Amino acid sequence: MAQLAEIGLIGLGVMGSNLALNIAEKGSRIAVFNRTPSRTRQFVSEAGALGANIIGCETMEDFVAAIRTPRPIIIMIKAGEPVDQQIDALRLLLSGGDIAIDAGNANFRDTIARFDRLKDSGITFIGMGVSGGEEGARHGPSIMVGGTEQSYTRVEKVLTSIAARYEGDPCCAWLGEDGAGHFVKTIHNGIEYADMQMIAEIYGILRDGVGKPAGEIGAIFGQWNKGRLNSYLIEITEKVLATTDPESGKPMVDVILDRAGQKGTGKWSVIEAQQLGVPATAIEAAVAARSLSAMKTEREAAEVIFGMPRYTFPLQDNAALLKDLELALFAAKIGAYAQGFAVMAEASREFGWSLPMPTIARIWRAGCIIRSQFLDEITKAFTEQPDVANLIVTPAFSAMVAESMPALRRIVAAAVTAGIPVPALSSALSYFDAYRQARGTANLIQAQRDFFGAHGFDRIDGLDRPHGPWGVGN
Ligand code: 6PG
């Protein structure tokens, strides 16, 4: 009998195919199955030499029989209902100890429900966040695993072999029980939204405030990519801005409609932050900005009513401005990441996961969409203080915040003066201003609440007088 496969994979779409090729290339034998057998045949025939490590199966029975027990099976299909249908079909064929692995962008609440539903069946469930797009899946993604630690032990070798590496260290880890992996992937995507939005806002300042063409802006991002902003998203921004549309000869970015899509993970991260009572304002602003971008016809109508802003951008186009923009983006980025990590810390308490913050930062350093040099700094900060309340108060980051926040203030002020929208940058700035303010203004909110609803308040002098003398003397 042919040698059994180490792992199985269902769903030969782009991500599934690339993951399967990655696994085969790293030396593990893999069984693959797709709903349409012709796709399976095509996949195996196109795999070339890697086909030696791939067992293409045309029935679920053959597929299951081809995998070494306990069988880990990666399900890489459309998130939601299809995953449940696939699990139900598999359940009839699997035996105790086998592991169903959902590697799609699932909502972690669905993952927890699936984990619980399978608990008594003997089959284990892993919810696995995979980041890095097509390229990552093929050559090295960042892999965030949630499930039992025991089930992870069965797949650890294969997964770490295919993961991206940062200075030799694989970007793959077990992060906690049930939905932990998918939750962390969701927050990764929330941060991804904020990161992208902030980059877009800086692009907007350079385009509309300073009047630079796409190519020049691309070159600026290219310069920044050599410094502290060095990251995949800055790198692709440079490349995007340097690309010309073959149809029109114009910069590609100038012929793309300003209407952003979204598939839901950013929105989930904001919903969960709100549920947990953790401010994630920069991420919220980024999600809202995508929604506002989608309202193209409304925006066009509003521009007819109000006109284009005619205010002049108050800063000079010179080296100091570029330095400020770079630092401002860096400061705002710190705010977004601090918020994302704070959401994860609270979720860890709420869902009993013990999420390892240094490990999360460590496995985001390579492979994923938000990969960067910066995440190495975050790894170091959390390694020194894993339970710190907020990233911005760690010694390394408080120094970076002190250095960069004044630039963010100048840039946000200039953009506001010129009528250029900077929702994510300004949210990050306000978050910092509110977070470091020992005496805020919620005393007035408390007084108002007590006035109209007798909700009570705490006094600063500790006196036991929980309600105000409202109306007295009126
Ligand atoms: C990743 C990406 C990936 C996908 C997002 C995009 O980490 O590889 O986040 O998962 O690109 O789902 O999401 P939107 O379509 O919502 O922008």
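Residues numbered from 1 in each chain as written. Predicted model: local features only at pLDDT ≥ 70, side-chain atom pairs only at ≥ 80, totals over all residues. Heavy atoms only, no water.

S.K.: Break down the sheet that holds strand S2 (residues 30-33) for me, citing the residues and quoting the values.
M.R.: Taken in spatial order, the eight strands line up as S3-S2-S1-S4-S5-S6-S7-S10 in an open sheet, and their pairing is mixed. Lying at the two open borders of the sheet, with one neighbouring strand each, are strand S3 (54-57) and strand S10 (172-176). Averaged over neighbouring strand pairs, the angle between their axes works out to 25° when direction is ignored. Bridging between strand S4 (residues 72-75) and strand S5 (residues 99-102) involves four bridges; their strand directions are parallel. In the sheet register, Pro 72 faces S5, and the bridge partner there is Ile 99. Contacts from helix H2 (residues 37-46) reach S2 and S3, with the element oriented near 160° to S3. Relative to the sheet, helix H7 (residues 149-162) contacts strand S1 (7-10), S4, S5, strand S6 (124-131), strand S7 (142-146) and S10, its axis offset from that of S10 by approximately 155°. (Pairing = 2+ DSSP bridges. Helix = DSSP H or I, 4+ residues; strand = E, 2+ residues; numbered from the N terminus. Axes fitted to C-alpha atoms, helices over the stretch in contact; angles between N-to-C directions. Contact = heavy atoms within 4.5 Å.)

S.K.: An account of the side chain of Thr 379 is requested, with residue identities and associated values reported.
M.R.: Of note, Thr 379 is situated in helix H16 (residues 374-384). Leave out the neighbours within four places in its chain, and Thr 379 touches Pro 358, Ala 361, Arg 362 and Arg 365.

S.K.: Explain the domain arrangement of the protein to me, using residue names and the numbers behind them.
M.R.: When its domains are assigned, the protein resolves into domain 1 (7-178), domain 2 (186-435) and domain 3 (443-474). Centre-to-centre separation of domain 2 and domain 3, based on C-alpha positions: 39 Å. (Domains from an automatic or database assignment.)

S.K.: With reference to specific residues and values, describe helix H18 (residues 423-435).
M.R.: With 13 residues, H18 should cover 18 Å at 1.5 Å per step; its first-to-last C-alpha distance of 18 Å lies within 8% of that length. All buried positions along H18 are accounted for by Ala 424, Leu 425, Ser 427, Ala 428, Leu 429, Tyr 431 and Phe 432. Of the surrounding elements, those touching the buried residues of H18 are helix H8 (180-209), helix H12 (281-294), helix H14 (319-351) and helix H17 (395-418). (Expected span 1.5 Å × (residues − 1). Buried < 20%, exposed > 50% of the residue type's maximum accessible area, 1.4 Å probe, protein only.)

S.K.: How would you summarise the environment of Phe 313 if you had to cite specific residues and measurements?
M.R.: Position of Phe 313 among the secondary structure elements: in the loop between helix H13 (296-306) and H14. As a C-alpha pair, Phe 313 and Ala 413 span 100 residues in sequence and 9.9 Å in three-dimensional space. The residues touching Phe 313, leaving out its near neighbours within four places in the chain, are Ile 205, Gly 209, Val 210, Leu 321, Ala 414, Ala 415, Ala 418 and Ile 420.

S.K.: Tell me about the nonpolar core, and name the residues and values.
M.R.: Counting residues in each nonpolar core, the largest one holds 95 residues, and the members touching the most others are Phe 221, Met 344, Trp 364 and Ile 378. Among the elements that take part in this core, H14 stands out by supplying 16 residues, more than any other. Two domains share this core, each providing at least three of its residues, namely domain 1 (7-178) and domain 2 (186-435). The residues contacting Phe 221, other than those within four sequence positions of it, are Ile 199, Ile 202, Tyr 203, Ile 234, Thr 237, Glu 238, Leu 241 and Leu 329. Core analysis: the second largest hydrophobic core is formed by 31 residues, Ile 54, Ala 137, Tyr 152 and Cys 172 among them. (Core = buried A, V, L, I, M, F, W, Y, C linked by side-chain atoms within 4.5 Å.)

S.K.: Any details on the packing of H17 against H18? Residues and values, ideally.
M.R.: Close contact between H17 and H18 brings their axes to 10 Å; oriented N to C, the two are set at 130°. Accordingly, the angle class assigned to the pair H17 and H18 is oblique. The interaxial crossing formed by H17 with H18 has left-handed handedness. Along the contact surface, H17 presents Val 401, Met 405, Leu 408, Arg 409 and Val 412, while H18 presents Leu 425, Ser 426, Ala 428, Leu 429, Phe 432 and Asp 433. (Parallel < 35°, antiparallel > 145°, perpendicular 65-115°, else oblique. Left-handed = near helix turned anticlockwise from the far one by under 90°.)

S.K.: Residue-level account of the site of the ligand, with values.
M.R.: Of all residues adjacent to the ligand, which total 13 residues, the nearest are Ser 131, Glu 192, Tyr 193, Lys 263 and Arg 290. Between Asn 189 and the ligand, the recorded distance is 3.0 Å, taken from a side-chain N or O atom to an oxygen atom. Expressed as a share of its isolated accessible area of 410 Å², the protein-covered part of the ligand is 81%. If one sorts the elements of the shell around the ligand by residue count, H8 sits on top with five residues. Structurally, the shell around the ligand is a two-domain feature, drawing no fewer than three residues from each of domain 1 (7-178) and domain 2 (186-435). (Near = heavy atom within 4 Å. Polar contact = N/O pair within 3.5 Å; in protein donor to acceptor, adjacent residues only side chain to side chain. Areas by Shrake-Rupley, 256 points an atom, 1.4 Å probe, with all protein chains shown as cover.)

S.K.: Help me get a handle on the packing of aromatic side chains, residues and values and all.
M.R.: Following the criterion strictly, the structure yields 16 aromatic pairs and no others. Ring centres of Phe 108 and Phe 183 lie 4.9 Å apart, and the angle between their planes is 80°; this geometry places the pair in the edge-to-face category. Here Phe 108, found in helix H5 (residues 108-118), pairs with Phe 183, found in helix H8; they are 75 residues apart in sequence, far enough to count as distant. What makes Phe 108 buried here is its relative accessible area of 1%. The exposure class assigned to Phe 183 is buried, which follows from its relative accessible area of 0%. (Phe/Tyr/Trp six-rings, centres within 6.5 Å; stacked < 30°, edge-to-face > 60°.)

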